[in-house]
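Structural overview
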Amino acid sequence: MKTVVITGAASGMGLCATKKFLRHNWQVVMADFDEINGQKKADNLATEFPKTKVIFKQTDVSDEQSVQELAKFSQDQFGQIDSIINNAGIFIGGAVHEIKASDWDRIMNVDVKSIFLMTKNFVPAMIKQKSGVIINTASVSGLMGDYNMAAYSAAKGAVVNLVKSMALDYGKYGIRVNNVAPGPTNTPMFQKNPQSVIDKFVAASPMNKIVEPEDIADMMYFLATDEAKSITGQNIPVTAGFGIYSSQPQ
Ligand code: NAD
């Protein structure tokens, strides 16, 4: 049985990814800052998927000690970790002059430094076992500019380039590293937008829809399997066509 550690697993894409891997009989460590929600979701999923194993570990992905504890806990519970999904993230909006310096630091820590910390703590065992798959959640906001998203766009832009360095450094150990770059996706994070903003995002898709978190989970699962054995160092957009045009939607 294979094992995956998923961060931000108490909600949205991370929760959908957890279900997707469990359906395929993977063992899952759900890591999230939100202890109450995370533990409740893990308990329910353990009942729903009795043939495999799912456990929750409260983790702050921006904190070095917390991530070290997650790595030790995961390895003690399951031995080999086959894949990590660095998915936890936060959104803080605004143009540069509107963003507090403390919020800038927070978004960089949660959306970028977390990937550094997760990789630093999980990759040594993957190097030893000469296999592993690392998947990060980037964003279309890291592939192009966006209004009122300066800090978020900068953070995800860093993730977009980090994946290439990681893929280069770890390819020789049989470790693949890829990003999923979601477009606007129907999760609690996105649902915080006013309806008028949601409508604009829907209209900006040639398919007239936003992405569902299950669509992102499907791509994460694909990337974790041997079906994707020749894919590494890529940012793979899952966007319902959002942002593929250079003119305004008609
Ligand atoms: P979400 O808010 O539903 O879930 C994010 C989860 O991350 C939450 O459970 C939260 O508790 C957890 N989290 C936040 N800070 C944490 C920390 N310090 N340590 C551990 N866990 C923490 O959001 P989502 O939409 O599912 O977001 C998942 C990822 O997708 C994020 O990286 C986000 O930036 C990215 N993304 C989202 C969208 C979108 O439209 N929803 C688009 C592109 C990219």
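Notes on the structure in this doc start here. All values reported here derive from a predicted model rather than from experimental measurement.

**Details of the overall build of the chain**
Scanning the chain for helices and strands turns up 8 helices and 7 strands. In summary, the chain has a C-alpha radius of gyration of 17 Å against a globular reference of 18 Å for 250 residues, a match within 12%. Seen through its C-alpha atoms, the chain measures out along the principal axes to roughly 50 × 40 × 35 Å. Burial analysis of the chain (250 residues in total) assigns 44% to the buried set.

**Points about the site of the ligand**
Within the structure, the ligand sits among 29 residues, and Gly8, Gly12, Gly89, Thr187 and Met189 are positioned closest to it. Of all elements in the fold, only α1 (12–23) and α6 (188–191) reach the threshold of two or more residues within the shell around the ligand. Classifying every residue of the shell around the ligand by side-chain character gives 13 nonpolar, 13 polar and 3 charged.

**What to know about the nonpolar core**
Ile6, Val28, Met30, Ile216 and Met220 are the most contacted members of the largest nonpolar core, which has 67 residues in total. Among residues more than four places away in sequence, those in contact with Met30 are Ile6, Ala9, Ala10, Thr18, Gly38, Lys41, Ala42, Val54 and Phe56.

**Comments concerning helix α2 (residues 35–48)**
The end-to-end C-alpha distance of α2 is 20 Å, a good match for the 20 Å that 14 residues give at a rise of 1.5 Å each. For α2, the set of buried residues is Gly38, Lys41, Ala42 and Leu45. Considered in projection along α2, the buried side chains sweep an arc of 100° and stay on one side of the axis. Opposite the packed face of α2, turned more than 90 degrees from it, sit the exposed residues Ile36, Asn44 and Thr47.

**As for the environment of Ile99**
Tracing the backbone shows Ile99 in the loop between β4 (83–86) and α4 (101–129). Residue class for Ile99 comes out partly exposed when judged on the 18 C-beta atoms lying within 10 Å of it. C-alpha of Ile99 to C-alpha of Asn148: the two residues are 49 residues apart in sequence and 9.7 Å apart in space.

**Remarks on the sheet that holds β4**
Read across the open sheet, the 7 strands follow the order β3-β2-β1-β4-β5-β6-β7; overall the sheet is parallel. Lying at the two open borders of the sheet, with one neighbouring strand each, are β3 (54–58) and β7 (235–238). Averaged over all pairs of adjacent strands, the angle between strand axes in this sheet comes to 20°, irrespective of strand direction. Where strand β5 (residues 132–137) lies against strand β6 (residues 175–182), 6 bridges are found, and the strand directions are parallel. Residue pairing in the sheet places Ile134 in a bridge with Val177 of β6. Along the sheet, helix α5 (residues 150–170) makes contact with β5, β6 and β7, crossing β6 at roughly 165°.

**Points about unusual backbone geometry**
Despite not being glycine, Lys130 has its phi angle at roughly 60°, a positive value. Looking at the element boundaries, Lys130 is found in the loop between α4 and β5.

**Considering the pairing of β4**
What you see with β4 is no split at all: Ser83 and Ile85 on one side and Ile84 and Asn86 on the other are buried throughout. As paired elements, strand β1 (residues 3–7) and β4 share 3 bridges and run parallel to each other. For Ile6, the partnering residue across the bridge sits in β4 and is Ile85. Pairing of β4 with β5 involves 4 bridges; the strand directions are parallel. Within the sheet, the bridge partner assigned to Asn86 lies in β5 and is Asn136. Each parallel crossover has a hand, and the one from β4 via α4 to β5 is right-handed.

Calculation notes
- Residues numbered from 1 in each chain as written.
- Predicted model: local features only at pLDDT ≥ 70, side-chain atom pairs only at ≥ 80, totals over all residues.
- Helix = DSSP H or I, 4+ residues; strand = E, 2+ residues; numbered from the N terminus.
- Rg over C-alpha atoms; globule rule 2.2 N^0.38 Å.
- Buried ≥ 20, exposed ≤ 12 C-beta atoms within 10 Å, placed from the backbone.
- Near = placed C-beta within 6 Å.
- Nonpolar A, V, L, I, M, F, W, Y, C, P; charged D, E, K, R; others polar.
- Core = buried A, V, L, I, M, F, W, Y, C linked by C-beta atoms within 7 Å.
- Contact = placed C-beta atoms within 7 Å.
- Expected span 1.5 Å × (residues − 1).
- Arc of directions from axis to C-beta.
- Pairing = 2+ DSSP bridges.
- Axes fitted to C-alpha atoms, helices over the stretch in contact; angles between N-to-C directions.
- Right-handed = clockwise from strand over helix to strand, strands pointing away.

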